[in-house]
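These are the residues of each chain, in order.
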2 protein chains.
Amino acid sequence: MPAKLVKTISGVRKAVQQVKKEGGKVGFVPTMGYLHEGHLSLMRQARKETDFVVISIFVNPLQFGPKEDLNRYPRDINRDKRLANEVGVDLIFYPDENEMYPQPFRTFVEVKELDEYLCGRSRPGHFRGVCTVVAKLFNIVQPDIAYFGQKDIQQARIIQQMVKDLNFPIKIKVMPIIREEDGVAKSSRNVYLSQSQRESACILYKALCYGKEKIKDNVRPTNVIKKMKEMITKEGGKIDYVELVDWANLKPVNKVEKGKKYILAVAAWFGKARLIDNEVITL
Amino acid sequence: MPAKLVKTISGVRKAVQQVKKEGGKVGFVPTMGYLHEGHLSLMRQARKETDFVVISIFVNPLQFGPKEDLNRYPRDINRDKRLANEVGVDLIFYPDENEMYPQPFRTFVEVKELDEYLCGRSRPGHFRGVCTVVAKLFNIVQPDIAYFGQKDIQQARIIQQMVKDLNFPIKIKVMPIIREEDGVAKSSRNVYLSQSQRESACILYKALCYGKEKIKDNVRPTNVIKKMKEMITKEGGKIDYVELVDWANLKPVNKVEKGKKYILAVAAWFGKARLIDNEVITL
């Protein structure tokens with residue numbers, strides 16, 4: 001059966017309630033659409049683990065800064081529908097802005113500390129927008145399990161903290177980054193890249209692999225990061241950040257300890273595309 | 001059957017899930033304990049309208065300012081248990097601080113605009129603490145209906161907005177203020193009053209009744225408020241605020257319109273007790 005496209009909150013609630021009444025488990029993948037293999041891997045996982053797979057497609061204005069790419073963010077609902085159907089999604093929640101943010105809208109959810117570094121520093125308000133819309137979507141869909149991609153690792157860590165702190169009765173699963181053959185992480189924003197930018201962009205993953213190896217070899221983080229920045233700059237990338245942070249609190253570290261978990265993360269501009277990528281390092 | 005005292009989140013979830021499985025409706029009354037007739041009226045309403053009545057008793061540190069009365073806030077769990085039993089409560093959720101705020105706790109829920117005046121102005125951070133704990137309790141108890149008292153009307157309005165904005169699948173009911181025979185609104189904090197302060201405190205309700213009548217008679221709000229402040233000061237009350245605000249956005253108004261709804265609200269200190277009271281005025 002093709003995925004049902006639902007534009008209203010009440011329509012989603014009705015469908016989900018029916019599933020729950022019959023004892024079914026609900027899986028949920030929130031997205032901004034323009035689906036790629038990263039999204040699809042989350043949906044396939046949901047398909048495996050739950051009885052009813054809901055995805056949302058909503059380009060959330062609340063998580064874009066005033067100078068960011070809200071208006072040109074790529075959209076293609078027909079393509080998205082086809083792809084969602086192929087992986088067996090049951091319901092696509094596709095609300096408009098008025099359904100999600102009827103005025104006056106006044107409530108915001110914020111996770112402190114975890115938003116201080118990485119993307120939080122260069123995108124003020126971004127994670128507040130993410131948390132607010134995800135809290136809404138969780139209350140609308142009421143899934144048993146929700147799936148997030150490791151590519152947006154700060155987002156995933158922040159959502160995990162929000163779910164724990166606010167006691168959402170939802171299990172969060174973070175799934176691995178899906179990459180192109182040359183290592184570039186799948187992203188809806190890759191569509192902004194020219195062909196030569198696209199080729200240059202694979203330096204991000206190369207730098208991460210280099211950095212991960214060196215950190216594991218006990219090279220000083222500052223030296224590793226300096227070298228990574230050089231590698232990316234040399235390929236024409238404009239660096240936003242290259243940081244090694246503690247997995248638990250997302251604060252930058254200058255030295256590492258055995259038995260602990262870290263995130264080596266990068267963000268850089270290639271032309272009009274701000275790309276992010278990361279590797280988790282367990283010592 | 002006496003109310004079951006449950007100290008853990010998992011214990012509450014288990015009990016509520018059982019009720020829902022059997023198709024029962026869950027009613028919820030969040031409290032800070034030291035129950036009085038105001039709380040009990042909410043519980044009785046829940047008892048009438050739902051199949052399983054949950055109350056929470058938790059003096060929430062997050063909603064107290066650093067100089068406020070967190071430590072001396074009155075507590076008496078045995079008395080509370082007895083009273084809850086008398087009105088037929090099914091479950092008392094009585095968590096400790098570590099169950100509610102295991103460290104690191106980083107997530108906060110805020111409702112903007114509605115917290116700018118009235119108690120929001122004199123108690124910065126108070127409503128953020130209220131919203132955060134109520135969001136948690138809603139996710140823990142997952143009630144069908146939650147009950148709040150009109151005495152804390154700004155709190156009730158803010159919770160209504162939060163529920164609407166974040167799409168909590170919960171109906172909010174706001175129940176009338178319960179008063180002593182001389183008009184003083186029931187409050188756990190009345191216990192702070194000496195006998196003479198207790199007698200003086202009934203000026204709050206008298207001033208509200210006077211003010212409501214004058215506003216209905218189309219007397220200018222500034223004049224009404226001035227007179228009300230004089231009445232309260234004369235009885236020894238130290239005024240925090242006397243305000244007439246629009247019911248919809250809680251902003252002070254200088255003139256009123258036919259067909260609209262307003263709140264006339266007061267807060268004043270009598271000795272160590274900061275008392276609040278209000279009247280809703282529909283023109």
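Computed from a prediction, not measured in an experiment: that's the story for all the values here.

Asks: Break down the interface of chain A and chain B for me, citing the residues and quoting the values.
Replies: Contacts between the two partners involve 23 residues from chain A and, on the opposite side, 23 residues from chain B. A total of 5 residues in the side of chain A that touches chain B trace back to one element, the largest contributor, which is strand β5 (residues 107-111) of chain A. Of the residues that constitute the side of chain A that touches chain B, the class distribution is 12 nonpolar, 4 polar and 7 charged. Bridging between β5(A) and strand β5 (residues 107-111) of chain B involves 5 bridges; their strand directions are antiparallel. When the bridges of β5(B) are listed, A:Val109 appears paired with B:Val109.

Asks: Describe the relation of the copies chain A and chain B, with residues and values.
Replies: Taken as rigid bodies, chain A and chain B are interconverted by a rotation of 180 degrees and an axial shift of 0.0 Å, the fit giving an RMSD of 0.0 Å. The operation mapping one copy onto its partner corresponds to a two-fold rotation axis. Using C-alpha coordinates, one finds that chain A approaches the rotation axis most closely at A:Val109, a distance of 2.3 Å. Comparing interface residues between copies, 100% of those in chain A also sit at the interface in chain B, which points to an isologous, same-surface contact.

Asks: Tell me about unusual backbone geometry, residues and numbers included.
Replies: All names here are of chain A. Omega for the bond connecting Gln103 with Pro104 falls within 30 degrees of zero, at -10 degrees, which places this linkage in the cis form. Mapped onto the elements, Pro104 comes out in the loop between α4 (97-100) and β5. Although it is not a glycine, Glu113 sits at a positive phi angle of roughly 70 degrees. Judged by the 14 C-beta atoms lying within 10 Å of it, Glu113 is partly exposed. The backbone of Leu250 shows a phi angle near 60 degrees, a positive value even though the residue is not glycine. Along the chain, the position of Leu250 falls in the loop between β8 (238-246) and β9 (261-270).

Calculation notes
- Along every chain, residues carry numbers that run from 1 in the direction the sequence is written.
- Key to labels: chains lettered from A, ligands numbered from 1, both in the order written.
- Per-residue local features are limited, in this predicted model, to residues with pLDDT of at least 70; the limit for side-chain atom pairs, both in listing and counting, is 80 or more; totals at the level of whole chains, interfaces and linings are taken over all residues.
- Any pair of residues counts as being in contact when their C-beta atoms, constructed from backbone geometry, are within 7 Å of one another.
- Numbering of helices and strands starts at the N terminus; helices are DSSP runs of H or I of at least 4 residues and strands are runs of E of at least 2.
- Throughout this entry, Asp, Glu, Lys and Arg are counted as charged residues, while Ala, Val, Leu, Ile, Met, Phe, Trp, Tyr, Cys and Pro are counted as nonpolar. The remaining residues, Gly among them, count as polar.
- We call two strands paired when DSSP finds no fewer than two bridges between them.
- Each copy is superposed on the other by least squares, with the fit set by C-alpha atoms of residues at a pLDDT of at least 70 in both.
- With C-beta atoms placed from the backbone, a residue counts as buried when 20 or more other C-beta atoms lie within 10 Å of its own, as exposed when 12 or fewer do, and as partly exposed for counts between those limits.

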